[in-house]
Amino acid sequence: MNDADFTSSALLSVDTVFFFIKTLVVLFGFCLIVYHVNHFIKGRKWDTISEILSLGFLFVSIVFVITTISSDILSARYIGTCPCILAVLIIRFMWKKNMFDVRFSMNKIPLWTVANVLGIVLLFRSFIPIRELTLAETEQERVASVLEQYELESGYANFWDSSIITVLSRQKVKVRAIAMGEDVDIFPWGCKRSWYEEKTNFILIRNPEHVGAGVTYENALRIFKAPEQVVDFENYKILIYDHDISYKLRNVVRARIIN
């Protein structure tokens, strides 16, 4: 947030000016959070929406600091909405205070015009031209091609390799998320129970350093027994079976419905 890495910027430069402006905007947003939380505590109903957003920001920040949720860079998604929250707070504050109606420069130029121009300039300053972007090929794209080469149509994997391969292959290969422990289980977050009724004959396993939800080679062998063929490809092992292995997941789904 706020393009915080300024260590390579010259002290006196255009980048420094924009960094200073963005810092002021962020600090103003933080001050508004304190302002609205204070209003909420004292029972002053001024702007309910801003108070809810401020309390939400404060709660997420506390959780982020005092728990282990911020374990790696992927945890940033939990605070990814912060810039939007600050923007809403600032706009609503200026609107409530009728600041957009304020005029200056001989009472001719409204403040909202300056705010719009500044917003557009900051937006274009952060804009990356499409011609400068390169579309990187993901490992899931490569493994999806291998699965298609082996004419595999339905299988299981950990959460991070399941739906993305299904989408990248345009559903030519359907990979469903599972979890493994003492036994195999469906991965209910963002998945449909009906997916686990499909006939399945392969399991996609990441190398140990990339394992997720217990989907390991050892667990797969213990739960589903030895496959007919094992294909090694980059960071993956593809366990191919000569029979339908979906019966275990179908039993899990039925047990969940009954309970």
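Relevant structure appears above.
In this report, the structure presented in the accompanying data block is examined. These numbers come from a predicted model, not from an experiment.

### Re the overall build of the protein chain
Step number 1: The helix and strand inventory of the protein chain stands at eight helices and eight strands.
Step number 2: When each of the 259 residues of the protein chain is scored for burial, the buried share is 32%.
Step number 3: Looking at the protein chain alone, contacts between residues at least 24 apart form 58% of all its contacts between residues at least 6 apart.

### Description of the pairing of strand E8 (residues 236–240)
Step number 1: Counting buried positions along E8 gives four out of five residues, so the element sits mostly inside the fold.
Step number 2: Here five bridges tie strand E6 (residues 202–206) to E8, and the two strands are oriented antiparallel to one another. For Ile205, the partnering residue across the bridge sits in E8 and is Lys237.
Step number 3: Taken together, the five bridges between strand E7 (residues 229–233) and E8 define a ladder with antiparallel strand orientation. The residue bridging Val231 from the neighbouring strand is Ile238, located in E8.
Step number 4: Here E7 hands over to E8 after two residues, with Glu234 in that stretch at a positive phi of 50 degrees.

### Focus on a nonpolar patch on the surface
Step number 1: Together, Leu58, Ile62, Val65 and Ile66 line one region of the surface with nonpolar side chains, adding up to about 400 Å² of accessible area.
Step number 2: One can find Ile62 in helix H2 (residues 48–66).

### A word on the side chain of Ser154
Step number 1: Inspection of the secondary structure assignment puts Ser154 in strand E3 (residues 154–157).
Step number 2: In terms of polar contacts, Ser154 uses its side chain to reach the side chain of Thr200, at 3.3 Å.
Step number 3: Discounting chain neighbours no more than four positions away, the residues touching Ser154 are Lys174, Glu198, Lys199, Thr200, Asn201 and Phe202.

### Some points on the side chain of Gln140
Step number 1: With respect to the secondary-structure elements, Gln140 resides in helix H5 (residues 139–149).
Step number 2: Among all residues touching Gln140, those that are not within four sequence positions of it are Trp160, Asp161, Ile164, Ile165, Leu168, Arg206 and Tyr236.

### Focus on unusual backbone geometry
Step number 1: Residues other than glycine seldom take positive phi values, yet Glu151 does so here, at roughly 55 degrees.
Step number 2: Phi is positive for Lys225, close to 70 degrees, though the residue is something other than glycine.
Step number 3: Relative to the helices and strands, Lys225 resides in the loop between helix H7 (217–224) and E7.

### Observations concerning the nonpolar core
Step number 1: Among the nonpolar cores identified, the biggest contains 22 residues, and Ile178, Met180, Val184, Tyr196, Ile203, Phe224 and Leu249 are the most heavily contacted of them.
Step number 2: With near-sequence residues (within four places) excluded, Ile178 lies in contact with Tyr156, Ala157, Asn158, Val184, Asp185, Phe187, Tyr196, Ala213, Val215 and Leu249.
Step number 3: The next biggest cluster of nonpolar side chains, apart from the first, holds 15 residues, and it includes Val146, Ala157, Phe202 and Val231.

Basis of the calculations
Residues numbered from 1 in each chain as written. Predicted model: local features only at pLDDT ≥ 70, side-chain atom pairs only at ≥ 80, totals over all residues. Heavy atoms only, no water. Helix = DSSP H or I, 4+ residues; strand = E, 2+ residues; numbered from the N terminus. Buried < 20%, exposed > 50% of the residue type's maximum accessible area, 1.4 Å probe, protein only. Contact = heavy atoms within 4.5 Å. Pairing = 2+ DSSP bridges. Patch = residues over 30% accessible without salt bridge, like charges linked within 9 Å, V, L, I, M, F, W, Y side chains within 5 Å. Areas by Shrake-Rupley, 256 points an atom, 1.4 Å probe, with all protein chains shown as cover. Salt bridge = Lys/Arg side-chain N within 4 Å of Asp/Glu carboxyl O. Polar contact = N/O pair within 3.5 Å; in protein donor to acceptor, adjacent residues only side chain to side chain. Core = buried A, V, L, I, M, F, W, Y, C linked by side-chain atoms within 4.5 Å.

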